[in-house]
Amino acid sequence: MDKAATEAAERIASVCAAFPLPEGQRACEGVSLCVHADLVVDPAYQDRNAYETKCTEETHFIQKMKETLQQGEQFIHMLYTFRSCSYPISQMFNTMQTSSTEESKEGAAGKIDQNEVYEAQFSVLEPEIKKLKEFMYFQRAAIKVFSDNVKRIIVEKKEKDSKDKTKEQNVVSEIYLLYLIRMLDLFALLDALKSMKGCLNNDFSFFKRALGFLRKNMTGHDDQTQENHTLYLFLAHQNSITKNLKDDLKEIERSEDVLAQCITVCANFIETERYLLPVEKHRLLRVIPYVLLLMDGEDSKHDAFKSKHLNISQLKSIFKRFPIVTVYGDMQIGLEAFIKRATHYDEKAWGTQDAKSQIEYEIVHHINTLRERHNEYLARYSAMLQDLRKASAASPGNATAVPVAMCKEVAATVLQGIQLLADWGSRIQQQAAWKYSTPNFAAEIQSKFDYERVVRYNYTPDERIALIELIAMLKSLSALILKSDPILSAAIRVAIHDELQEFIQVHLREIIRYISTSKSSAKKPTARTEVLQLRTLAVDWMNGVEPVDPAMYGKKSKEKDVAVQYPTRQVGPASTQLDLIRNIIYEIMQKNNTRKELSSSFIKQLEDFYSRSFFYPYLLDLPGTILECSDLADLWYREFFLELNHQLQFPIEMSLPWILVDHVLETKEINQHLFEYILYPFDIYNDAANRALYALKQRFLYDEVEAEVNLCFDQLLYKVAEQVYGYTKAQASSLLLDKVYKRELESIVEKNKLEKLVPLFDKLNPGKSRFDPILQQRHFQLLGRSVDLNILVGQRLVTYLRNNIDYTIKCYEGSELTAITELEHQLHVLQLTHHLLSRHVEMDSWQTIFSEVNESTSLTSYHSRILLHTVYELIADFGPNFCYNSVTQRFVRMAQDTFVDPVKRENMPKPNLMFQWGSRNLNQAYAALFEMHRKYFGMPHMLSLIRLIGRPTIPMVISECISNFYLKIVNVLSPYVAELTSGNFATLKFQNHAYGTQATYLKLKMEMREIICYPDLQNGVLQHMRDFGNQIVFLYMLDQGLTLTDSTGFMTWGPLLGYMPQSFAPDAAPDAATMSPVFTVIRDLNSKVGPFTKAPEALEALVANAWRADKYYRQWTESMSLLQVVLKHLNNILDSVRDEWCQPSTPDNGVMNVENSREFYRVWSCLEFVTCMNMEGAPQFHELFGDGLYYGGCTLVHLLGQRQRFDTFDVCYHIAAIEEDPPIALDPAVASEAITFLKNADLVRDLNCATFDLLEEYFPVEPVGSCGPSAVSLSPPATLKDIFAARTFGAGGTMNAGGLMTPRAPSLDMAGSAEGRRDSASTRDTESTTTGGEEETPDATEAGDVGAGDEDLGVAPAPPPPPPR
């Protein structure tokens, strides 16, 4: 690739790097590095020959110790992760013995081949025992390396003392001492881990047993026997490594001086906080008591606690501040536990743990301060980063263009952040160690494992909250810093290079000048050589050429001193170079002779640079430092407690990461602000898995971590989805709850101050949620996998929604028809819930989900679960068991026991607060609201039914009702009518008015004793008639509901079609669709834009679709009545029984049978008479059967054309007419019964008139016996009684010649007909007598007169025809 192409590619890359990519999600996770490159490589002092200093030789020994430490780290990992092999082997052996015993009892060959068993044991255990032998040899070699380095220090000191008569002290470099401290910490860890793992001895015992059995077949077993014995002694003795080290150090004279120097360094580092990583702090704390144990001897001369080289008071304060220190993973140890094994340890002198230690270890006591420091640093870091990005954007790709002062500020800010992260990580590990050392031994805790007492039951809710918050701060800040690592690392390297060159070429130049001008009598100052070495080691000249500087000779320049110039480079010192620089500076500061040659200001400059350079390696390796500071894998590992409890693994309920996550989920109402931190504890699993693969290198540990993550993540998705859905459902329920009703509930609580009601209604309005950050996570990193939480939670939310719809429909399937309103409202709430959830997650459309659950997705069938249950309830329960009230226009359930078998419904699902209304408070509020709707069925229920089942499925409801009508009439009512007409009550003689009301009533009652005593009267005849009438009324209410729905819809979209309240259509108007505003706008758009568009056919299709839409939504011009269609079908059904229920043959008088009639109207008249009676000890028939009974009978009478005969010869009407005559005194014994009968008769008469008017309006029929215009109407002359009745009753009715009073038809509230509407059938009889067969419409005066032919029948002329519907 040529240079131009390369430059172009670099420009494109720089632009892409600067281009922001908004993720649309908040950071809710820790550090997630998909690709990690370690840019800082430790050369392990292999480049030491490039630097010629007196400290170079020391690096050979440091390199040897470094290699030993790396090997020791592997053995630490091996010991900690060592799992017992003997336990599963013993289980397998016991299983084989049991099976062989059973086979031997059955007669089969069940003997076990012991040779094969021991060979299997040996093959399994040999690799593990080999590791233990390597560990034994390593500890010997490591002790030798440490002892050799101690000897070297002592020998060099002796040689210097013998050569140097000035008694100048031998300076051991600080880095050298730090590696000795690391070696001592290695011995302490290895010894503690070996003592912790009791399974090492068990596995070795099994190995020896197998080896003893197989010894004959093996060669070289003598050497292996000796080796095994040595290993046995090594493993059997506790603290064997410490004992071997102590024995070797006894052989070295004055070794305690070196050990004391190590303790002093550790104590000073702790006091001055010269450590950064948590592991460094814990290492210093572990080494102090361990070295005291090594220094303490058997005799009083070697009493470490009285050593003059140690500051015992300083050590005591450290022991009190940090009594517990972590060892590795879940292992911890007390500092006193080390020195308690010392011979001269005095417990009283050292004291016990301070009570303040617990406060120091527990995070909950410091969380407020830590939070403030986090917020302050975050503000400072954000401002610094913004300034750095602005400066970098000015010269992209050139980090040296950023001002050096800004780079130094960046380095200082990042260093402060690293210190914060290290402090937080150290506090988390220290608290875990404290909890491990102080289990909760409360008596009420029923724990199976010790691990439960130290983790699950050892953290209070406040401590869990504090720990979650601190983990979130640690992980979020580390991720924030690493996210900007490229730009930060470049600035940090520039700052370090500039600071180093400033020290070398500015400050060190003045030191050289000062030393060169100092007076020396005999020889040159000793410090000058070392300072010049330091200058040569670290200097970076401008243009690579050393300038001539008089300061090197102690002279001042003749000219004015100009500012020293040095290059600005984006590079830091190498690790070996930095260590040598620090060693030289440390030696200069520690030697007394050199300190005397320098002034205090120069010493201060050296100390300041030495302190600052301590943090250079951490800043240069920024990613590695951040990852190590934020590593919380120790919170998951529990190998010590697994070994202690002999378990392979603990349940997830005992895992600290899941305990923290579950605590937030279970206390969401209290800790809602912590919900956005819920993913940070999962980063502990990432740390644990990373350590298992790359540090411990144990696949089985990664598998355990992965298995637990799978369980915990599934639980997280389940609980998050449940809470998100529950909150959204409660929010939707609260939004749809009637506002007035909600205010009334709140006012009741506020006014009455009822404590019992407060918890019921104080949370009707759900508070704000913090689920958005979780639902926004599209690529959450977990165990190296990118997880889309939005999709996973969305899938479960869709499942919850489907289950909720299914639950709601099941509740309806297990309820009565009156639950239809509650079902509709619940579905509205679910639809709003779907809408609210769709804002955050992708979901199918509501109609798709609902149709699938409702099972209404078929293209060839309109059936659905709601429809089928509605039809079932209508036929099986609604008709037989409900009573209709024409005044309230409602159905109510029959008060008494039903006359039919109990209705079999689906079982109600178990109560689910979330699936009902979202919360307990809302459930109670809605339960009180819909409890009223469950007690009746009215127009609100009908409208809900229409909206739920939809217009396409209404024909099925009508079809089922019509089919039920046919079965009811042909198979049930027809046999009952035939049986009833065969009785004697069919022959009735109407008494004259002279007998009076009482006599007539008693006589008719006597004649109807057969029907009164008929066994199937109530549970058969009346019950089925009520069922029939209830369905008639139901269909009429359905017709009204459809009309109301159409009217409401038309009012909604009418303005869009050009319909306004004041508009009307002219007689010769064109097509109404062409006048629609919608159609007009689209047509005009097509005429203007059509010729210029690329797809004119699309606009033409749009115009056509607008015309079709207008036609579809426009109001129908023709009236269509559902009840009319039903009555027509019912009339056709009656054709099958019409001959039986009407006049079968020509009567004797040629007109009709009056006293011996067996037509249906006579049966119905007798049934009405019975229903008006007052049965002693029994409820009223009206209470049992309601008005539906009379609607059913009147419908059959009307469709059979027998209304005129029924009005004329009805028994109840006859008795009521006699009562309207001048009264005759009643017998007190039966007066109350007759009065009750008359009241019921009046009610029934009014109801009959209203029903007949309704039926006549929707479906007029010809009266039975009518022969058209040539029919003859009997019109006898008026009598005195007619005149008296006209004067007495006025417009209330007329009286015929027989003394029967026919009342005027009352207004019909239910039908909505005009008050005062007359009977239309009689009007047709009157109109049929007009000459010429032509119908004439009478005027207002003629309509009010009574014709001669109609006056005797007591009917009035018909009103004008109703307007079209």
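Residues numbered from 1 in each chain as written. Predicted model: local features only at pLDDT ≥ 70, side-chain atom pairs only at ≥ 80, totals over all residues. Heavy atoms only, no water.

The next thing to look at is the overall build of the protein. Within the protein, the regular secondary structure consists of 57 helices and 8 strands. Expressed as a percentage of the 1365 residues in the protein, the buried residues total 50%. A fraction of 81% describes how many contacts in the protein between residues 6 or more apart in sequence connect residues 24 or more apart. (Helix = DSSP H or I, 4+ residues; strand = E, 2+ residues; numbered from the N terminus. Buried < 20%, exposed > 50% of the residue type's maximum accessible area, 1.4 Å probe, protein only. Contact = heavy atoms within 4.5 Å.)

What follows concerns helix 27 (residues 656-666). Extensive coverage of helix 27 is indicated by the burial of 10 of its 11 residues. All of the buried residues along helix 27 are Leu656, Pro657, Trp658, Ile659, Leu660, Val661, Asp662, His663, Val664 and Leu665. Next to the buried residues of helix 27 lie helix 17 (450-456), helix 18 (461-483), helix 28 (682-694) and helix 29 (699-736).

Attention shifts here to unusual backbone geometry. Glycine aside, negative phi is the norm for most residues, and most peptide bonds take the trans geometry. A positive phi angle is found at Glu855, which is not glycine, with a value near 60 degrees. You can see Glu855 is positioned in the loop between helix 35 (846-854) and helix 36 (865-881). With a relative accessible area of 54%, Glu855 lands in the exposed category. Look at Gln889: it is not a glycine, yet its phi comes out positive at around 55 degrees.

Before going further, it helps to spend a moment on the packing of aromatic side chains. Evaluation of the coordinates by the stated rule reveals 56 aromatic pairs. Judged by centre distance (5.9 Å) and plane angle (90 degrees), the rings of Phe146 and Phe187 are edge-to-face. Of the two residues, Phe146 is situated in helix 4 (residues 114-163) and Phe187 in helix 5 (residues 174-196); the sequence distance between them amounts to 41 residues. Each member of the pair Phe146 and Phe187 is classed as buried. Among the aromatic residues, ring-to-ring pairing joins Phe878, Phe882, Tyr884, Phe891, Phe937, Phe1034 and Tyr1191 into one connected group. Over the face of the ring belonging to Phe614 we find Arg274, whose NZ or CZ atom lies 5.5 Å from the ring centre. (Phe/Tyr/Trp six-rings, centres within 6.5 Å; stacked < 30°, edge-to-face > 60°. Lys NZ or Arg CZ within 6 Å of the ring centre and 35° of its normal.)

What follows deals with the environment of Ala210. Structurally, Ala210 is set in helix 6 (residues 199-213). Given the relative accessible area of 0%, Ala210 is considered buried. When neighbours within four sequence positions are excluded, Ala210 is seen to be in contact with Tyr118, Gln121 and Phe122.

Pairing between strand 5 (residues 882-885) and strand 6 (residues 890-893): 4 bridges, direction antiparallel. Opposite Tyr884, over in strand 6, you have Phe891 as the bridge partner. Following strand 5, the chain reverses through 4 residues before pairing antiparallel with strand 6; Gln889 in that reversal takes a positive phi of roughly 55 degrees. (Pairing = 2+ DSSP bridges.)

In this section: the side chain of Asn1131. Structurally, Asn1131 can be placed in helix 46 (residues 1122-1134). Not counting residues within four places of it along the chain, the set of residues in contact with Asn1131 comprises Arg1138, Leu1199 and Phe1259.

The next subject is the pattern of salt bridges. All chains considered together, the criterion is met by 57 salt bridges. Between Glu362 and Lys435 there is a salt bridge, with the nearest N and O atoms lying 3.6 Å from each other. Taken together, the residues Glu362 in the loop between helix 14 (356-361) and helix 15 (367-394) and Lys435 in helix 16 (residues 404-437) connect sequence positions 73 residues apart. What makes Lys435 buried here is its relative accessible area of 5%. Put simply, Asp806 and Lys810 hold a salt bridge, and the shortest N to O gap is 3.3 Å. (Salt bridge = Lys/Arg side-chain N within 4 Å of Asp/Glu carboxyl O.)

For helix 40 (residues 954-981), spanning 28 residues, the distance from its first C-alpha to its last is 37 Å, which sits close to the expected 40 Å at 1.5 Å a residue. At Leu973, helix 40 shows its largest kink, close to 45 degrees, and the proline Pro975 lies no more than four residues downstream. (Expected span 1.5 Å × (residues − 1). Bend = angle between axes of the 7 residues up to and from the residue.)

Here we come to the environment of Leu745. Positionally, Leu745 belongs in helix 30 (residues 739-752). Residues Leu745 and Ala925 lie 180 residues apart in sequence; the distance between their C-alpha atoms is 8.4 Å.

In this section: the confidence of the model for the protein. On average, the protein scores 81 in pLDDT, and the residues at 70 or more come to 80%. Per-residue pLDDT stays below 50 along residues 1062-1070; that stretch engages in 1 contact with residues further than four places along the chain or on separate chains. Low pLDDT, under 50, characterises residues 1283-1365; the predicted model gives this stretch 127 contacts beyond four residues in sequence or across chains. (pLDDT = per-residue confidence, 0-100.)

Tracing the backbone shows Arg582 in helix 21 (residues 575-590). Among the polar contacts made by the side chain of Arg582, one reaches the side chain of Ser613 at a distance of 2.8 Å. Dropping the residues within four chain positions of it, Arg582 is found in contact with Glu174, Arg274, Tyr610, Ser613 and Phe614. (Polar contact = N/O pair within 3.5 Å; in protein donor to acceptor, adjacent residues only side chain to side chain.)

All right, on to the state of the cysteines then. What the rule picks out here adds up to 0 disulfides. Among the cysteines around Cys266, which has no disulfide bond, Cys262 carries the closest sulfur, lying 6.8 Å off. (Disulfide = S-S within 2.5 Å.)

Where strand 1 (residues 324-328) meets strand 2 (residues 331-334), 4 bridges bridge the pair, whose relative direction is antiparallel. Residue Thr326 lies in a different strand from strand 2, and its bridge partner there is Gln332.

As a further point, take the packing of helix 43 (residues 1017-1053) against helix 46. The interhelical angle for the contact between helix 43 and helix 46, taken along N-to-C directions, is 150 degrees, at an axis separation of 8 Å. Relative to helix 46, the element helix 43 lies roughly antiparallel. Contacts between helix 43 and helix 46 involve Phe1028, Ile1032, Leu1035, Tyr1036, Leu1038, Asp1039 and Leu1042 from the former and Leu1122, Leu1123, Val1126 and Leu1130 from the latter. (Axes fitted to C-alpha atoms, helices over the stretch in contact; angles between N-to-C directions. Parallel < 35°, antiparallel > 145°, perpendicular 65-115°, else oblique.)

At a minimum axis distance of 10 Å, the contact between helix 18 and helix 25 (residues 622-629) shows a crossing angle of 170 degrees. When the axis of helix 18 is compared with that of helix 25, the two are roughly antiparallel. Contacts between helix 18 and helix 25 involve Leu474, Ser478, Ile481 and Leu482 on the former and, on the latter, Leu622, Pro623, Ile626, Leu627 and Cys629. Residues that form the contact of helix 18 with helix 25 fall into these classes: 8 nonpolar, 1 polar and no charged. (Nonpolar A, V, L, I, M, F, W, Y, C, P; charged D, E, K, R; others polar.)

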